[in-house]
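Close look at the chain arrangement
Below are the chains, spelled out letter by letter.
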Amino acid sequence: QVQLVESGGGLVQPGGSLRLSCAASGSIFSINGMGWYRQAPGKERELVAAVTRGGRTTYTGSVKGRFTISGDNAKNTVYLQMNSLKPDDTAAYYCNTVPPRVGTPWGQGTQVTVSS
């Protein structure tokens, strides 16, 4: 069983920045790739960014150049640095394996709201 706890969300103005953290515990030896997902009300969940233990990263086109995902293996933590935030970035953000596994439950997520 893997437990995931997201933190760092909040209210920010357009153009601002936030840094999200995801702490993993439990059977983390089975995790090779982690990602940040987001879901807005009435919208589909989408994968925003992903990183492997080796440090390889991928991004969805809408955030490329603005967001940076990174992992700290020693701390069992994944981060998402978000810059130049836009109102369309408003969503609940979740971390999970990539792809998500049936045996890994979703956490509570952390809310990001971008508004003036």
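This one's a predicted model, so the numbers in the text were calculated from it and none came from an experiment.

1. Observations regarding the overall build of the protein
When you go through the protein residue by residue, the secondary structure sums to 0 helices and 10 strands. Traced from its N-terminal end to its C-terminal end, the protein shows the element sequence β-β-β-β-β-β-β-β-β-β. What you see for the protein is a C-alpha radius of gyration of 13 Å, in line with the 13 Å of a compact globule of 116 residues. When its C-alpha atoms are laid out on the principal axes, the protein stretches across 40 × 25 × 20 Å. A burial count over the protein gives 39% of its 116 residues as buried. Taking as baseline every contact in the protein between residues at least 6 positions apart, the subset at least 24 positions apart corresponds to 55%. Put simply, the protein shows about 6300 Å² of open surface, and 50% of that area lies on carbon and sulfur atoms. Each charge class in the protein was averaged separately, 11 positive and 6 negative side chains, and the resulting centres sit 6 Å apart.

2. A few points about the pattern of salt bridges
Summed over all chains, the structure comprises 3 salt bridges. For Arg38, the salt bridge goes to Asp89, with nearest N and O atoms at 2.9 Å. Taken together, the residues span a long stretch of sequence, with Arg38 in strand 4 (residues 33-39) and Asp89 in the loop between strand 8 (77-82) and strand 9 (91-97) at a distance of 51 residues. As far as burial versus exposure is concerned, Arg38 and Asp89 are alike and both buried.

3. Section: the pairing of strand 5 (residues 46-52)
Bridge count between strand 4 and strand 5: 6 bridges; the pairing is antiparallel. Pairing of Tyr37 across the sheet is with Leu47, part of strand 5. Between strand 4 and strand 5, which pair antiparallel and follow one another directly, the connecting turn spans 6 residues, one of which, Gly42, has a positive phi of 75°. Here strand 5 runs beside strand 6 (residues 57-59); their pairing, made up of 3 bridges, is antiparallel. The partner of Ala50 across the bridge, within strand 6, is Thr58. A loop of 4 residues connects strand 5 with strand 6, the two strands running antiparallel in sequence, and Gly55 in this loop sits at a positive phi of about 95°.

4. Section: the nonpolar core
What tends to happen in soluble globular proteins is that the nonpolar side chains get buried as a cluster. If you look at the biggest cluster of nonpolar residues, it comprises 26 residues, and the most contacted ones within it are Trp36, Phe67, Leu80, Met82 and Tyr93. Among the elements of the structure, strand 1 (2-7), strand 3 (18-26), strand 4, strand 5, strand 7 (67-72), strand 8, strand 9 and strand 10 (110-114) are those that each provide at least two residues to this core. Residue contributions to this core peak at 4 residues, all from strand 3. Other than its neighbours up to four places away in sequence, Leu80 contacts Leu18, Arg19, Leu20, Trp36, Ala49, Phe67, Thr68, Ile69 and Tyr93.

The rules behind these values
Residues numbered from 1 in each chain as written. Predicted model: local features only at pLDDT ≥ 70, side-chain atom pairs only at ≥ 80, totals over all residues. Heavy atoms only, no water. Helix = DSSP H or I, 4+ residues; strand = E, 2+ residues; numbered from the N terminus. Rg over C-alpha atoms; globule rule 2.2 N^0.38 Å. Buried < 20%, exposed > 50% of the residue type's maximum accessible area, 1.4 Å probe, protein only. Contact = heavy atoms within 4.5 Å. Areas by Shrake-Rupley, 256 points an atom, 1.4 Å probe, with all protein chains shown as cover. Lys, Arg positive; Asp, Glu negative; His and termini not counted. Charge placed at Lys NZ, Arg CZ, Asp CG, Glu CD. Salt bridge = Lys/Arg side-chain N within 4 Å of Asp/Glu carboxyl O. Pairing = 2+ DSSP bridges. Core = buried A, V, L, I, M, F, W, Y, C linked by side-chain atoms within 4.5 Å.

Take it as geometry only, folks, not as evidence of what the structure does.
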